[in-house]
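Each chain, letter by letter, is given below.
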Number of protein chains: 2
Amino acid sequence: MSESPFQAEIEALCKRAKAASIAVAELSSATKDAWLLHAADRLEAEKDAILAANASDMEAATAAGVARPIVNRLSLAAGKWENMISGLRDVAALPDPVGTISEMRVRPNGLRVGRMRIPLGVVAMIYEARPNVTVDAAALCVKAGNACVLRGGKEAFQANMALADVLRAAAKETGLPEDAVCIFRTTDREAVTPLLGMDRYVDLLIPRGGKALVQRVMAESRIPVIAHDEGVCHVFLDESARPEMACDIVLDSKIKQMAVCNALETLLVHRGAVRAVLPTVLKALHEQGVEVRGCPETREVDPEAVAASETDWAAEYLDRILAVRVVGGIDEAIEHIQTWGSNHTEVIVTESYSNAEAFVRRCNSSAVGVNCSTAFADGFRLGLGAEIGVSTTKIHAYGPMGLEGLTTQKFVMFGEGQLRE
Amino acid sequence: MSESPFQAEIEALCKRAKAASIAVAELSSATKDAWLLHAADRLEAEKDAILAANASDMEAATAAGVARPIVNRLSLAAGKWENMISGLRDVAALPDPVGTISEMRVRPNGLRVGRMRIPLGVVAMIYEARPNVTVDAAALCVKAGNACVLRGGKEAFQANMALADVLRAAAKETGLPEDAVCIFRTTDREAVTPLLGMDRYVDLLIPRGGKALVQRVMAESRIPVIAHDEGVCHVFLDESARPEMACDIVLDSKIKQMAVCNALETLLVHRGAVRAVLPTVLKALHEQGVEVRGCPETREVDPEAVAASETDWAAEYLDRILAVRVVGGIDEAIEHIQTWGSNHTEVIVTESYSNAEAFVRRCNSSAVGVNCSTAFADGFRLGLGAEIGVSTTKIHAYGPMGLEGLTTQKFVMFGEGQLRE
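Calculation rules
Residues numbered from 1 in each chain as written. Chains lettered and ligands numbered in written order. Predicted model: local features only at pLDDT ≥ 70, side-chain atom pairs only at ≥ 80, totals over all residues. Helix = DSSP H or I, 4+ residues; strand = E, 2+ residues; numbered from the N terminus. Rg over C-alpha atoms; globule rule 2.2 N^0.38 Å. Buried ≥ 20, exposed ≤ 12 C-beta atoms within 10 Å, placed from the backbone. Pairing = 2+ DSSP bridges. Axes fitted to C-alpha atoms, helices over the stretch in contact; angles between N-to-C directions. Contact = placed C-beta atoms within 7 Å. Least-squares fit on C-alpha atoms with pLDDT ≥ 70 in both. Core = buried A, V, L, I, M, F, W, Y, C linked by C-beta atoms within 7 Å. Expected span 1.5 Å × (residues − 1). Arc of directions from axis to C-beta. Nonpolar A, V, L, I, M, F, W, Y, C, P; charged D, E, K, R; others polar. Domains from an automatic or database assignment. pLDDT = per-residue confidence, 0-100.

Visitor: Outline the overall build of chain A, listing residues and values.
Guide: For chain A, the helix and strand inventory stands at 15 helices and 16 strands. Against the 2.2 N^0.38 benchmark of 22 Å for 421 residues, chain A shows a C-alpha radius of gyration of 24 Å, consistent with a compact globule. Taken over the C-alpha atoms alone, chain A extends approximately 70 × 65 × 45 Å along its principal axes. With 421 residues in all, chain A has 54% of them scored as buried.

This is how it looks when you write it as structure tokens:
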């Protein structure tokens, strides 16, 4: 493999982050929170300049023929600015996970051992063209005691530079190393390659965004990766599901926000519930303009439904389309999920104690619920206080990932001269 | 990259493990424990045949010119057989981590959310030529609800085949899928390459053994890796260290077991403790035949000491050699560890409350101790009940890794029809 022209630049960036990470790990909560609050004030003071950079990004993207939804996602307007600022203040208010000791116990020889929560060191993140993520990610990484290396989507470049400059200036002004927040100052895709080999300096890599990017990072990275991959989420309407609740949960899971990873993509229906529940649910979906791709039994009760193929069972539509399949019972529903799901979020709607218990026990996706919307698979709604993404990698932080997922635990041992027996 | 001739064979093996993992995840603790106890009995019954295979491995290794220590490590004699058998019974007696729910809380809307501990799925392990590890690893993986794919060192091949056959037969006889324990039936190194790409079927890969192997696996694997890499462990004798305790801890950490990853490799001594402590410590080390590689100040008090170079600060000797460096105080000691250490185990010997506290807080190696031997960085001695290795990867399971490290947590959500606000 020939060396990337960005090798030296990216290595220098990661080295600076590593050096900063030692200081960041030792900061008090008060200092980190002071930075977060000061950064919020500083951003407010420079709002006009940042929004101008953002507008310029949007113009350039439009001129380059970038699709409208992606251009819209770039925008810091429509409440996104306010959410970004209040996000910083919310993170400041969260308890600091660093330094807490748990599982303390006394060994037979009197040695006291426990596990202390510590920062990971350097966290690198590769993410889509959403400038607010630059601020969210930096806030969470630093609050958890880490330095971060950020690489945002290229369409957001100018806004990202403007935001990172403020975060770094605020760091300097509150006693943090500026390199607590390191950011790629190039949009060249070739610059990603050297990052993937920086295992000497980077402790965790979080890729977010397209499936192709996540797959490439998993294949090429020497750094541990927590992937934030697709969500092929299921709702299973059991025979005993209450029709009204079933309908509400399906609509809430599918319609309220369609372009998010916890949105419903495949509806599974117990054969015994088809008559009582399915026509009402499908009617409501059609009223919302949802295209149904159904199995043969679904199409018997819904003439409008298109025939589903195997690709539909694996599809993350993120759109006004729903795959629907009738199953013989809970075993078949779970088997379908194990075969076609993406380990993200599954919900059963049931009045059966045994089936609720079995579904929760046997479905090993990252979030499994009974009688609730799939929308609750979200760091904020689950009470984590904040979220850096939803991990579909099973190790370390499976599912919605907050501050704790950006830390690890070391063993601590307090002795009075203990030797081995 | 051209396809390995073992691609189809290894893919089929991992696929079988994946299929088995779904059944293993749902087994009751009683069934898993019955397998462990039955496997212990079955192994005892076939002891002669297995030891014959082991003897044949040792003969072949000797004939092939394999180094004596590696041939010795192959042996199942000298208590290793008994430890292996009692290990199975000990794992049966450990509490089953699967299914426990923690952090249960009620959200403002009444949704009850918690985290349930679940198996990872399929755990693959690549390990050194020690046949007892085949049994230890299978026991821990399956007790944690996983299927495993094992690839042991080639010198142990015949014993590994004999052991795996018994484990699989015992599985069949106690209601487990045989493929809960899958093993490579080839010693060809080329067969490892396809394993590294099996991210569709394997959830976690644990490489143990040589640094070269671990580095290669980290570079090439598409599967999440928890590396069990080298231990460059430090003891820091602070100014206030009690001389007798200092001497005992250094000797215990260095001499009692030298070829293990938690053995002491570099001794750091506060300049103010050199006179009172160092000559006694070095004399005791020399009496044990330890070669000292010292900094100039060390050599002033120890004419026998060889001059240390930078390679010594980074060396994992696993032998009767110790690097010794005099430092100005705790800051310099911590800086040395951050520069040269391997994130494994560090111990301070001190009577200073502040320095003990600072050392524990600031050293972020996987195990950090005060006034105790480095030997306690071990799953058994820390009270984990068992150990599959000591992870130097910061995420997921940092340090000694037991049953819990072979599981993960999913979010569980219990509602009564909750929708988003």
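Visitor: Would you mind going over the sheet that holds strand 3 (residues 122-126) of chain A in detail, with residue names and values included?
Guide: All names here are of chain A. In space, the four strands of this open sheet follow the order 5-4-3-6, with parallel pairing throughout. Unpaired on one side and paired on the other, strand 5 (181-183) and strand 6 (204-207) mark the two borders of the sheet. Each neighbouring strand pair of the sheet contributes to a mean axis angle of 20 degrees, computed without reference to strand direction. As defined by bridge partners, strand 3 adjoins strand 4 (residues 147-151) across five bridges and the pair is classed as parallel. Within strand 4, the position partnered with Ala124 by the bridge is Val149. Packing against the sheet, helix 1 (residues 7-25) makes contact with strand 3, strand 4 and strand 5, and its axis sits at approximately 150 degrees to strand 4.

Visitor: Would you mind going over the relation of the copies chain A and chain B in detail, with residue names and values included?
Guide: Aligned on chain B, chain A shows an RMSD of 0.0 Å; the corresponding rotation is 180 degrees and the shift along the axis is 0.0 Å. Accordingly, the operation relating the two chain copies is best matched by a two-fold axis. Every residue of chain A has its C-alpha some distance from the rotation axis, and the shortest such distance is that of His396 of chain A, at 1.9 Å. Looking at chain A, 100% of its interface residues are interface residues in chain B too, so the copies touch through the same face.

Visitor: Describe the nonpolar core, with residues and values.
Guide: A general tendency of soluble globular proteins is for nonpolar side chains to be buried together. Counting residues in each nonpolar core, the largest one holds 291 residues, and the members touching the most others are Cys148 of chain A together with Cys148 of chain B. Sequence-distant contacts of Cys148 of chain A, defined by excluding residues within four places in its chain, comprise Val123, Met125, Ala137, Ala138, Cys141, Val142, Val181 and Cys182 of chain A.

Visitor: Requested: an account of helix 11 (residues 274-287) of chain B, with residues and values cited.
Guide: All names here are of chain B. Between the first and last C-alpha of helix 11 there are 19 Å, a value that for 14 residues agrees with the 20 Å anticipated at 1.5 Å per step. Along helix 11, the residues that are buried comprise Val277, Leu278, Val281, Leu282 and Leu285. Projection of helix 11 onto a plane perpendicular to its axis shows the buried side chains occupying an angular sector of 115 degrees, all on one side. Along helix 11, exposed side chains directed more than 90 degrees from the buried face belong to Arg275, Lys283 and Glu287. In this structure, the buried side of helix 11 is in contact with strand 7 (233-237), helix 10 (243-255), strand 8 (264-270), strand 9 (291-294), helix 12 (296-301) and strand 11 (321-327).

Visitor: Residue-level account of the pairing of strand 6 (residues 204-207) of chain B, with values.
Guide: Residue and element names in this part refer to chain B. In strand 6, alternate side chains face the same way, and those of Leu204 and Ile206 on one face and Leu205 and Pro207 on the other are all buried. One ladder, built from four bridges, connects strand 3 (residues 122-126) with strand 6; its direction is parallel. When the sheet's bridge partners are listed, Ile126 is paired in strand 6 with Pro207.

Visitor: Would you mind going over the interface of chain A and chain B in detail, with residue names and values included?
Guide: Contacts between the two partners involve 62 residues from chain A and, on the opposite side, 62 residues from chain B. When contributions to the side of chain A that touches chain B are tallied by element, the ones reaching two or more residues are helix 1, strand 2 (112-119), helix 9 (211-220), helix 10 (243-255), helix 15 (353-362), strand 13 (367-372), strand 15 (399-401) and strand 16 (407-418) of chain A. Ranked by residues supplied to the side of chain A that touches chain B, first place goes to strand 16 of chain A with eleven residues. Looking at the side of chain A that touches chain B residue by residue, the class counts come to 29 nonpolar, 18 polar and 15 charged. As paired elements, strand 16 of chain A and strand 13 (residues 367-372) of chain B share five bridges and run parallel to each other. Counterpart to Val412 of chain A in the pairing with strand 13 of chain B is Val368 of chain B.

Visitor: Give a detailed account of the domain arrangement of chain A, specifying residues and quantitative values.
Guide: Residues and elements named next belong to chain A. For chain A, the assigned domains are domain 1 (7-229 + 397-414) and domain 2 (233-381). For domain 1 and domain 2, the distance between their C-alpha centroids amounts to 34 Å. Taken together, the residues of the side of domain 1 that touches domain 2 break down into three nonpolar, two polar and one charged.

Visitor: Explain unusual backbone geometry to me, and be specific about the residues and the numbers.
Guide: With a phi close to 55 degrees, Leu318 of chain A is a non-glycine residue in the positive phi region. Note that Leu318 of chain A resides in the loop between helix 13 (310-313) and strand 11 (321-327). Its identity is not glycine, yet Asn343 of chain B carries a phi of approximately 65 degrees, on the positive side. Along the polypeptide, Asn343 of chain B turns up in the loop between helix 14 (330-340) and strand 12 (345-349). Residue Asn343 of chain B is classed as buried on the basis of its 25 C-beta neighbours within 10 Å.

Visitor: A description of helix 7 (residues 157-173) of chain B should follow, citing residues and the corresponding values.
Guide: Residue and element names in this part refer to chain B. With 17 residues, helix 7 should reach 24 Å at 1.5 Å per residue; the first-to-last C-alpha distance of 24 Å fits that figure. Tucked into the core, helix 7 has its buried residues touching helix 2 (29-45), helix 3 (47-63), helix 6 (131-143) and strand 5 (181-183). With its phi angle positive at about 90 degrees, Gly175 sits one or two positions after the end of helix 7.

Visitor: Mind laying out the environment of Leu237 of chain B, listing which residues take part and the relevant values?
Guide: Structurally, Leu237 of chain B can be placed in strand 7. Not counting residues up to four positions away in its chain, the partners in contact with Leu237 of chain B are Ala246, Val269, His270, Ala273, Val277 and Val349 of chain B.

Visitor: An account of the confidence of the model for chain A is requested, with residue identities and associated values reported.
Guide: Interpretation of the predicted coordinates at a detailed level should be avoided for regions scoring low in pLDDT. Averaged over every residue, the pLDDT of chain A is 96; residues scoring 70 or more account for 100%. With a pTM of 0.95, the predicted complex shows an ipTM of 0.95.

Visitor: Describe the sheet that holds strand 7 (residues 233-237) of chain A, with residues and values.
Guide: Spatial strand order, 10(A)-9(A)-11(A)-8(A)-7(A)-12(A)-13(A)-16(B)-2(B)-1(B): ten strands in an open sheet with mixed pairing. Both outer strands of the open sheet, strand 10 (306-307) of chain A together with strand 1 (101-106) of chain B, are each paired with one neighbouring strand and no more. Judged from the four bridges that link them, strand 9 (residues 291-294) of chain A and strand 11 of chain A form a sheet pairing that is parallel. Residue pairing across strands places Val292 of chain A opposite Leu322 of chain A, the latter belonging to strand 11 of chain A. Strands in contact with helix 14 (residues 330-340) of chain A are strand 7, strand 8 (264-270), strand 11 and strand 12 (345-349) of chain A; relative to strand 11 of chain A, the strand with the most contacts, it is inclined by about 140 degrees.

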